[in-house]
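Each chain is listed here by its residues.
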Amino acid sequence: DVKVTQSSRYLVKRTGEKVFLECVQDMDHENMFWYRQDPGLGLRLIYFSYDVKMKEKGDIPEGYSVSREKKERFSLILESASTNQTSMYLCASSRRNSVKDTQYFGPGTRLTVL
Amino acid sequence: KNQVEQSPQSLIILEGKNCTLQCNYTVSPFSNLRWYKQDTGRGPVSLTIMTFSENTKSNGRYTATLDADTKQSSLHITASQLSDSASYICVVSPDNYGQNFVFGPGTRLSVLP
């Protein structure tokens, strides 16, 4: 069974704090993704990575950065958290160049910034 | 602009009844369309994946259809169960690399006893 785990289910931070969200997958997937999910909106891509140390900006990268030092681990960093970054953050992984393969999602981290 | 729209926004049905959820997309080019189920507080889980050449795909009581000409898809749930209560998300991909996805806002389904 593919497993994608995220470091925290719930997180409460203060404005201006640096926040680290960690994601680990155990299926040797090349692609890893960070999304945020807000009510009434579809999942929006923040960043994705197709290989170690490789990253591509998604639709809403402002205020975020990422790190992928190992294939199984993809970290999302909020350099200076703001209240408008309060959201559900979902990590996903998938095999590269595979049309029929699904994305596997982690359970999500609900981040509240006060 | 690539977009995926879903209707209805929410739906309430009684246990045992059937229902159909709709998805319209303007994504171009088109590679594949996926339906995901997302339980409250959990990550989405894949139900079906269809490419351009497939017009129907089943997964147990879930049947997805695709009309690539009209850019529409539907997800039919048969003999609903309480555990079907969830959000159902339609996702369209314009490429074959498994990297680019356009997500719909989801339909929230509630199944009542």
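For every chain, the first residue of its written sequence is number 1, and the numbers climb from 1 along that sequence. All chains are assigned letters beginning at A, and all ligands numbers beginning at 1, according to the order in which they are written. In keeping with the predicted nature of the model, local features appear solely for residues at pLDDT of at least 70, side-chain atom pairs appear and are counted solely at 80 or more, and the whole-chain, interface and lining totals rest on all residues. Water and hydrogen atoms play no part in the side-chain values, which are based on all heavy atoms of the structure.

So, the overall build of chain B
For step 1, the next point in the chain: Helix and strand definitions follow DSSP, with helices as H or I runs of at least four residues and strands as E runs of at least two, each counted in order from the N terminus. In terms of regular secondary structure, chain B is built from zero helices and 11 strands.
For step 2, the next point in the chain: Of the regular secondary structure in chain B, the N- to C-terminal order runs β-β-β-β-β-β-β-β-β-β-β.
For step 3, the next point in the chain: Each residue's exposure class comes from its accessible area (1.4 Å probe, protein chains only) as a fraction of the maximum for that residue type: buried when under 20%, exposed when over 50%, partly exposed otherwise. Of all 113 residues assigned to chain B, the portion counted as buried reaches 48%.
For step 4, the next point in the chain: Calculation of accessible area relied on Shrake-Rupley with a 1.4 Å probe; when residues are assessed, cover is drawn exclusively from the protein chains displayed. By element, 49% of the accessible surface of chain B is carried by carbon and sulfur atoms, the whole surface being about 5300 Å².
For step 5, the next point in the chain: Of note, chain B has its 9 positive side-chain charges centred 6 Å away from the centre of its 8 negative side-chain charges. Lys and Arg are tallied as positive, Asp and Glu as negative. Neither His nor the chain termini are counted. By convention, the charge on Lys lies at NZ, on Arg at CZ, on Asp at CG and on Glu at CD.

Some details on the pattern of salt bridges
All names here are of chain A.
For step 1, the next point in the chain: We define a salt bridge as a contact between a side-chain nitrogen of Lys or Arg and a carboxyl oxygen of Asp or Glu at a distance within 4 Å. Going through the model one piece at a time under the given rule, you end up with 10 salt bridges over all chains.
For step 2, the next point in the chain: The closest approach of N and O atoms between Glu-79 and Lys-18, which form a salt bridge, is 3.6 Å. Of the two residues, Glu-79 sits in the loop between β8 (73–78) and β9 (87–94) while Lys-18 sits in the loop between β2 (10–13) and β3 (19–25), which places them 61 residues apart along the sequence.
For step 3, the next point in the chain: Take Glu-79: its relative accessible area is 42%, and that puts it in the partly exposed class.
For step 4, the next point in the chain: Taking relative accessible area as the criterion, Lys-18 reaches 45% and is therefore assigned partly exposed.
For step 5, the next point in the chain: The partner of Arg-73 in a salt bridge is Glu-22, with the nearest N and O atoms 3.0 Å apart. Of the two residues, Arg-73 is situated in strand β8 and Glu-22 in strand β3; the sequence distance between them amounts to 51 residues.
For step 6, the next point in the chain: With a relative accessible area of 25%, Glu-22 lands in the partly exposed category.
For step 7, the next point in the chain: Because the salt bridges share partners, they merge into one network encompassing Arg-36, Asp-38 and Arg-44.

Quick word on the state of the cysteines
For step 1, the next point in the chain: Note on terminology: pairs of cysteine sulfur atoms within 2.5 Å are recorded as disulfides. Within this structure, the stated rule accounts for two disulfides over all chains.
For step 2, the next point in the chain: Note that A:Cys23 is cross-linked by a disulfide to A:Cys91, the S-S spacing being 1.9 Å. Torsion about the S-S bond of the A:Cys23 and A:Cys91 cystine: about -75°, corresponding to left-handed handedness. Of this pair, A:Cys23 sits in strand β3 while A:Cys91 sits in strand β9, and the two are 68 residues apart along the sequence. Taken as a pair, A:Cys23 and A:Cys91 share a single burial class, namely buried.
For step 3, the next point in the chain: With a sulfur-sulfur separation of 2.0 Å, B:Cys23 is cross-linked through a disulfide to B:Cys90. Disulfide B:Cys23 to B:Cys90: torsion about the S-S bond roughly -65°, handedness left-handed. Here B:Cys90 lies in strand β9 (residues 86–93) and B:Cys23 lies in strand β3 (residues 19–25), a separation of 67 residues in the sequence. Both residues of the pair, B:Cys23 and B:Cys90, count as buried.
For step 4, the next point in the chain: No disulfide involves B:Cys19; its sulfur sits 15 Å from the nearest other cysteine sulfur, which is in B:Cys90.

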